[in-house]
Structure formats: C-alpha cells, structure tokens
Amino acid sequence: MAQQQVDHDETVLLDTEYSFWIDNRESLVAAYPNQWLLIDGDQVVGHFLTHREASDADAKIDAPLMIFASTEEPEHSVPTFQVTGIDG
C-alpha cells in the first residue's frame, strides 16, 4: 500500500493514489464516465460499471483506492434547523 512519511512520524496512506486521482480527475472522468475505478499507484488497474463489480474485482486485485468517476458535480448540502423559544 502506498505510504509516505511526513512530519511527526505520521503515515499518509493512499497519498500517491489520491494525488493521481486529483491531478487527473478530468481526464479520468472523460475516459471512464460514471464508472468505478480501482487505482494502484499512478494507474487505473480496473474500471467497472457497478460498485459490486468493482468490489468483486478488488478482492483479487487489492487496489488501494476505489473511487467513482462521476460526470456530475458533487452536491453540497447544509443541514437546516429551527430554534424556537418556549414561552412559559
């Protein structure tokens, strides 16, 4: 599994894989739209239409990172709540 030593003896797991994803997200999404990707180091080692297929394949491949190459922007939501006073 990809690891990198950083200050304070902390280990950063998946640093190579996640950096590869971030740096190449646009081209990976274009090449594998709405597919599950298995990433090992700086390469895609598998791409699948369903999470189940990716999970089954990963049992054999053992890729450090599985991620969905979505063509849609992620939705951001902010929880809302209401505070009311109690008059007594």
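Note: the structure precedes this text.
All of the points below concern the structure found in this document.

The rules behind these values
Residues numbered from 1 in each chain as written. Predicted model: local features only at pLDDT ≥ 70, side-chain atom pairs only at ≥ 80, totals over all residues. Heavy atoms only, no water. Helix = DSSP H or I, 4+ residues; strand = E, 2+ residues; numbered from the N terminus. Buried < 20%, exposed > 50% of the residue type's maximum accessible area, 1.4 Å probe, protein only. Contact = heavy atoms within 4.5 Å. Areas by Shrake-Rupley, 256 points an atom, 1.4 Å probe, with all protein chains shown as cover. Core = buried A, V, L, I, M, F, W, Y, C linked by side-chain atoms within 4.5 Å. Pairing = 2+ DSSP bridges. Axes fitted to C-alpha atoms, helices over the stretch in contact; angles between N-to-C directions.

### Describing the overall build of the protein chain
So, point 1. Within the protein chain, the regular secondary structure consists of two helices and five strands.
So, point 2. In the protein chain, the succession of α and β elements from N to C terminus is β-β-α-β-β-α-β.
So, point 3. Taking all 88 residues of the protein chain together, the buried fraction comes to 25%.
So, point 4. In the protein chain, of all internal contacts separated by at least 6 residues, the share reaching a separation of at least 24 is 42%.
So, point 5. Accessible area of the protein chain: about 6,900 Å², with a carbon and sulfur share of 49%.

### Details of the environment of L38
So, point 1. Mapped onto the elements of the fold, L38 is located in strand β3 (residues 35-40).
So, point 2. Take L38: its relative accessible area is 0%, and that puts it in the buried class.
So, point 3. Along the backbone, L38 and I61 are 23 residues apart, and their C-alpha atoms lie at a distance of 8.5 Å.
So, point 4. Those residues in contact with L38, other than ones at most four positions away along the chain, are Q43, V44, V45, G46, F48, A54, A57, D58, I61, A63, L65 and M66.

### Considerations on the nonpolar core
So, point 1. Of all hydrophobic cores here, the largest spans nine residues; its members are F20, W21, L28, V29, L37, I39, L65, I67 and A69.
So, point 2. Where this core is concerned, the elements lending two or more residues are α1 (15-31), β3 and β5 (65-69).
So, point 3. In terms of residue count, the dominant contributor to this core is α1 (four residues).
So, point 4. If we skip the residues at most four places from it in the chain, I39 touches E17, F20, W21, V44, V45, A63, P64, L65 and I67.
So, point 5. Membership of the second largest hydrophobic core comes to five residues, among which are L38, F48, A54 and A57.

### Re the sheet that holds β5
So, point 1. Pairing is antiparallel in the open sheet, where three strands are placed in the order β4-β3-β5. Each edge of the open sheet carries a strand with a single partner, namely β4 (43-48) and β5. Ignoring strand direction, the axes of neighbouring strands in this sheet form an average angle of 30 degrees.
So, point 2. In terms of strand pairing, β3 meets β5 through five bridges, oriented antiparallel. Within the sheet, the bridge partner assigned to W36 lies in β5 and is F68.
So, point 3. On the sheet, α1 packs against β3, β4 and β5 and is oriented at approximately 25 degrees with respect to β5.
So, point 4. Across the sheet, helix α2 (residues 51-61) is in contact with β3, β4 and β5; its angle to β3 comes to roughly 20 degrees.

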